[in-house]
Amino acid sequence: MYSVKCKEIIGRWYKGKYKIIKPIGSGGVGEIYLANHEHRGLVALKVTKSMMSITKEYDVMKRYEGKDYIPKVYELDDFEIHGEIYHYFAMEYIKGYNLTKVMKDSLPLKLKIDIFIIILQIIADINDEGLIYSDLKHENIMVDERNLTIRLVDFGSLTQFGKGVKEYTPLYDRCSWGLGDRVADISYQTFSAAILLMTLLIGRKLTPDKDKIKSAMDILKKDNIPKTLIDLIEKVLKGDIIGCRVFLKNLRNIDLSEKDKVFGIDSWLDSIIAILVFLLGFMLMKLNETSFRGGINPR
Amino acid sequence: MIQEYGVIRQMIIITDGRSNIGVSPIEAASKAKEMGITVSAIGIIDSEGNEEGDVMEIEAISKAGGGLCDYCYPKDLGLTLQAMTQKTVNHTLECIVSKQLKSIVGQDITSIEPKSRMRVVEFIENYGERVDLLYAIVLDTSKSMTNKLELAKNCVVDLMEALNNRKGISRVALVSYPGDIGSTANVACEFTTEMHILEKGLKALKAYGGTPTGPAIETAAGLIIEYEAPAQAHYV
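Residues numbered from 1 in each chain as written. Chains lettered and ligands numbered in written order. Predicted model: local features only at pLDDT ≥ 70, side-chain atom pairs only at ≥ 80, totals over all residues. Heavy atoms only, no water.

### Considering the overall build of chain B
Moving on, step 1. On a plain count of helices and strands, chain B comes out with eight helices and six strands.
Moving on, step 2. Mapped from its N terminus to its C terminus, chain B presents α and β elements in the order β-α-β-α-β-α-α-β-α-β-β-α-α-α.
Moving on, step 3. Over its C-alpha atoms chain B spans a radius of gyration of 18 Å, differing by no more than 12% from the 18 Å that the globule rule assigns to 236 residues.
Moving on, step 4. With respect to the three principal axes, the spread of C-alpha positions in chain B is 50 × 40 × 30 Å.
Moving on, step 5. Across the 236 residues that make up chain B, the buried fraction comes to 50%.
Moving on, step 6. Partitioning the intrachain contacts of chain B with sequence separation of at least 6 by distance along the chain shows that 79% fall at a separation of at least 24.
Moving on, step 7. Counting only carbon and sulfur atoms, one obtains 52% of the accessible surface of chain B, whose full area is about 10,900 Å².
Moving on, step 8. Considering chain B, the positive charge centre built from 22 side chains and the negative charge centre built from 31 side chains are found 4 Å apart. (Helix = DSSP H or I, 4+ residues; strand = E, 2+ residues; numbered from the N terminus. Rg over C-alpha atoms; globule rule 2.2 N^0.38 Å. Buried < 20%, exposed > 50% of the residue type's maximum accessible area, 1.4 Å probe, protein only. Contact = heavy atoms within 4.5 Å. Areas by Shrake-Rupley, 256 points an atom, 1.4 Å probe, with all protein chains shown as cover. Lys, Arg positive; Asp, Glu negative; His and termini not counted. Charge placed at Lys NZ, Arg CZ, Asp CG, Glu CD.)

Now the structure itself:
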């Protein structure tokens, strides 16, 4: 299925020289390869034949380069094999694992909520730019093993408010659940975030179906999850709570256990993130001694 | 700059097998392309496994028709159909803009430095949102589609919903093949912007018979040309 079969590529315009090591993922618009650049060392290459989508994704990643949850991008270029032109950009290789692994591991509820809060803050930050991350899903959220931070990959789905959503995954898509249209608005985003939380809590994915949200809520109820939390998720899914920051505020107000309250993470955000994610990494390593499958966006 | 292309004419074939009746679909696609219609195709992969010939035919059809092709499992048909529609509209516009650029400055888009392509891409994207669309869905309703037809119908409805979110007018028509009582293809729904009309056309479809892909392409191409003919003056 992977189309780049050669061992080395050289950029047509900027002459970047890459040794292809292995394919590490594929998405709707392209394939990702681990490659070695002569000076930079290991990088991830996103390769596609679709000039439009890759140019757009590169542009948006470059525009918000300073944000720490966006992988650093290098150059956008073309290369040619067997008379066919491909487009690619090189970006930072994130060694780690995606959120699917976190979802499947049985971690304490509080830890899962704390991880979700970090993700929600990132999404809120994107929304503040007037953009919706329409293809929010476990596979697009990475835990960076080196510094244990949360990074997003695949920015092809960023859509301006009000436009039609073109990239999505049915599980997180309001329209597939029969609960609204496929338009990039703030409630579309909050809906997908609530599904992300829901699947994170129950530890598995669901199949969306029109009029099936009630059975999804029943699964949540069987799973020994605090009622206040279930109520919050239900409110978000129904569109009674709109906006990631409002979601965030409500989530922080939930008393997860009598004694152990959720941290307020306003000013000391950075240190808390570091500690939490470190804890997560530590626990994962203890739980699962097998080597982590590194890679960006494995699907 | 591209006023003369006020309407994008597209045809998409959804099939799970190889044509076995009538004119070659590759020839039919190539003729449609000459008429200014882009022909794309989606092949549904069966769990029982398709033959290599099926795959090659779909690729050949889309190549001859100047469009794109893709394969998917039945469960992914909805997503694939929508992604393909967006891609093929953009692809057509990209070709048009590229041709125009070539005639003006002697270069196509890929001869522009990657750094500077974003402006062209933005232009194409905005244009793609606003341009009017004539979209003929050519749906295989042969016997082998029996288990997949209901799903395919839902996907067509979803696609129409998505198209209605565009700023430009999207007219969708539905050609099913084989046709009623021994005919090769059947116009299940003429070009419309109304969901209920399309749904009515979909409801009547049943899976039976062979796979006359070529004749169905001809029928769809005829439908597009016929639709445009009376309105021709409007575009000139």
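### A look at the overall build of chain A
Moving on, step 1. Helix and strand content of chain A: eight helices and 11 strands.
Moving on, step 2. For chain A, the C-alpha radius of gyration of 20 Å lies close to 19 Å, the compact-globule estimate for 299 residues.
Moving on, step 3. Along the longest, intermediate and shortest principal axes, the C-alpha atoms of chain A span 60 × 40 × 35 Å.
Moving on, step 4. Expressed as a percentage of contacts within chain A between residues at least 6 apart in sequence, the contacts between residues at least 24 apart total 63%.
Moving on, step 5. For chain A, the computed accessible surface area is about 13,200 Å², with 53% contributed by carbon and sulfur atoms.

### Remarks on the packing of aromatic side chains
Residue and element names in this part refer to chain A.
Moving on, step 1. Taken as a whole and assessed by the stated rule, the structure comprises eight aromatic pairs over all chains.
Moving on, step 2. On the basis of an interplanar angle of 50 degrees and a centroid distance of 5.7 Å, the ring pair of Phe-79 and Tyr-88 is categorised as tilted.
Moving on, step 3. Taken together, the ring pairs in this structure connect Tyr-18, Phe-79, Tyr-86 and Tyr-88 into an aromatic cluster.
Moving on, step 4. It is Lys-49 that lies over the ring of Tyr-86; its NZ or CZ is 5.5 Å from the centre. (Phe/Tyr/Trp six-rings, centres within 6.5 Å; stacked < 30°, edge-to-face > 60°. Lys NZ or Arg CZ within 6 Å of the ring centre and 35° of its normal.)

### Describing unusual backbone geometry
Moving on, step 1. The omega angle of the peptide bond from Tyr-177 of chain B to Pro-178 of chain B is 0 degrees, so this bond is cis rather than trans.
Moving on, step 2. Along the chain, Pro-178 of chain B falls in the loop between strand 5 (170-177) and strand 6 (186-192).
Moving on, step 3. The phi torsion at Lys-15 of chain A lies on the positive side, around 60 degrees, for a residue other than glycine.
Moving on, step 4. Phi is positive for His-82 of chain A, which is not a glycine, with a value near 50 degrees.
Moving on, step 5. Summarising the element assignment, His-82 of chain A is placed in the loop between strand 5 (73-81) and strand 6 (84-92).
Moving on, step 6. Of the residues examined, His-82 of chain A reaches a relative accessible area of 81% and is grouped as exposed.

### Focus: the sheet that holds strand 6 of chain B
All names here are of chain B.
Moving on, step 1. Taken in spatial order, the six strands make up an open sheet running 3-2-1-4-5-6, and their pairing is mixed. Two strands bound the open sheet, and with one partner strand each, they are strand 3 (66-72) and strand 6. Each neighbouring strand pair of the sheet contributes to a mean axis angle of 15 degrees, computed without reference to strand direction.
Moving on, step 2. Sheet topology note: the strand 2 (residues 38-44)/strand 3 ladder contains five bridges and is parallel. Residue pairing across strands places Ile-44 opposite Cys-72, the latter belonging to strand 3. (Pairing = 2+ DSSP bridges. Axes fitted to C-alpha atoms, helices over the stretch in contact; angles between N-to-C directions.)

### Quick look at the pattern of salt bridges
Residues and elements named next belong to chain A.
Moving on, step 1. Per the counting criterion, the structure on display carries 32 salt bridges over all chains.
Moving on, step 2. Across the salt bridge formed by Lys-62 and Glu-65, the nearest N and O atoms sit 3.2 Å from each other.
Moving on, step 3. We classify Lys-62 as partly exposed; its relative accessible area is 34%.
Moving on, step 4. Among the salt bridges present, the one from Asp-181 reaches Arg-174, with a minimum N-O distance of 3.0 Å.
Moving on, step 5. A relative accessible area of 42% means that Asp-181 is categorised as partly exposed. (Salt bridge = Lys/Arg side-chain N within 4 Å of Asp/Glu carboxyl O.)

### Here we look at helix 7 (residues 213-228) of chain B
Helical geometry note: an α-helix holds 3.6 residues per turn, so side chains three or four residues apart project in the same direction.
Moving on, step 1. With 16 residues, helix 7 of chain B ought to run about 22 Å at 1.5 Å a step, and its terminal C-alpha atoms sit 23 Å apart, in line with that.
Moving on, step 2. Within helix 7 of chain B, the full set of buried residues consists of Thr-213, Gly-214, Pro-215, Ala-216, Ile-217, Ala-220, Ala-221, Leu-223, Ile-224 and Glu-228 of chain B. (Expected span 1.5 Å × (residues − 1).)

### Things to note about the side chain of Thr-15 of chain B
Moving on, step 1. Summarising the element assignment, Thr-15 of chain B is placed in strand 1 (residues 7-15).
Moving on, step 2. Each residue touching Thr-15 of chain B, except ones within four places of it in the same chain, is listed here: Ile-42, Gly-43, Ile-44, Ile-58, Asp-140, Tyr-177 and Thr-211 of chain B.

### A short note on the nonpolar core
The nonpolar side chains of a soluble globular protein tend to be buried with one another.
Residue and element names in this part refer to chain A.
Moving on, step 1. Counting 79 residues, the largest nonpolar core has Val-102, Leu-251 and Leu-280 as the members making the most contacts within it.
Moving on, step 2. Here the element with the most residues in this core is helix 3 (residues 109-128); it accounts for 12 residues.
Moving on, step 3. Filtering out sequence-adjacent residues up to four positions away, Leu-280 remains in contact with Tyr-97, Val-102, Leu-107, Leu-111, Ile-115 and Val-143. (Core = buried A, V, L, I, M, F, W, Y, C linked by side-chain atoms within 4.5 Å.)

### What about helix 3 (residues 77-105) of chain B?
Moving on, step 1. A rise of 1.5 Å per residue sets the reference length of helix 3 of chain B, with its 29 residues, at 42 Å; its end C-alpha atoms lie 40 Å apart and thus fit the reference within 8%.
Moving on, step 2. Downstream of helix 3 of chain B by a residue or two, Gly-106 of chain B has a phi angle that is positive, lying close to 75 degrees.

### A closer look at the interface of chain A and chain B
Moving on, step 1. Taken together, the contacts link 22 residues of chain A with 23 residues of chain B.
Moving on, step 2. A buried area of about 2,200 Å², summed over both sides, lies between chain A and chain B, and 58% of it is on carbon and sulfur atoms.
Moving on, step 3. Inspection of the region where chain A meets chain B yields three salt bridges.
Moving on, step 4. Applying the counting rule to chain A against chain B returns six residue pairs in polar contact (both at pLDDT 80 or more). (Buried area = accessible area lost by both parts, 1.4 Å probe. Polar contact = N/O pair within 3.5 Å; in protein donor to acceptor, adjacent residues only side chain to side chain.)

### Quick look at the sheet that holds strand 9 (residues 141-144) of chain A
Whenever strands of a sheet pair, they do so through backbone hydrogen bonds, lying parallel or antiparallel.
All names here are of chain A.
Moving on, step 1. If you trace the three strands from one edge of the open sheet to the other, you get 7-9-10, paired in antiparallel fashion. At either margin of the open sheet sits one strand with a lone partner, and together these are strand 7 (96-98) and strand 10 (149-152). For this sheet the average axis-to-axis angle between neighbouring strands, irrespective of direction, equals 30 degrees.
Moving on, step 2. Pairing analysis gives four bridges linking strand 9 to strand 10, with the strands arranged antiparallel. Residue pairing in the sheet places Met-142 in a bridge with Arg-151 of strand 10.
Moving on, step 3. Along the sheet face, helix 3 touches strand 9 and strand 10 and points at about 40 degrees away from the line of strand 10.

### Overview of the confidence of the model for chain A
All names here are of chain A.
Moving on, step 1. Averaged over every residue, the pLDDT of chain A is 87; the share at 70 or more is 91%.
Moving on, step 2. For chain A, per-element mean pLDDT is lowest for helix 8 (residues 269-287), which scores 77, and highest for strand 8 (residues 131-133), which scores 97.
Moving on, step 3. Of the regions scoring below 50 in pLDDT, residues 258-266 engages in 16 contacts with residues more than four places distant in sequence or in other chains. (pLDDT = per-residue confidence, 0-100.)

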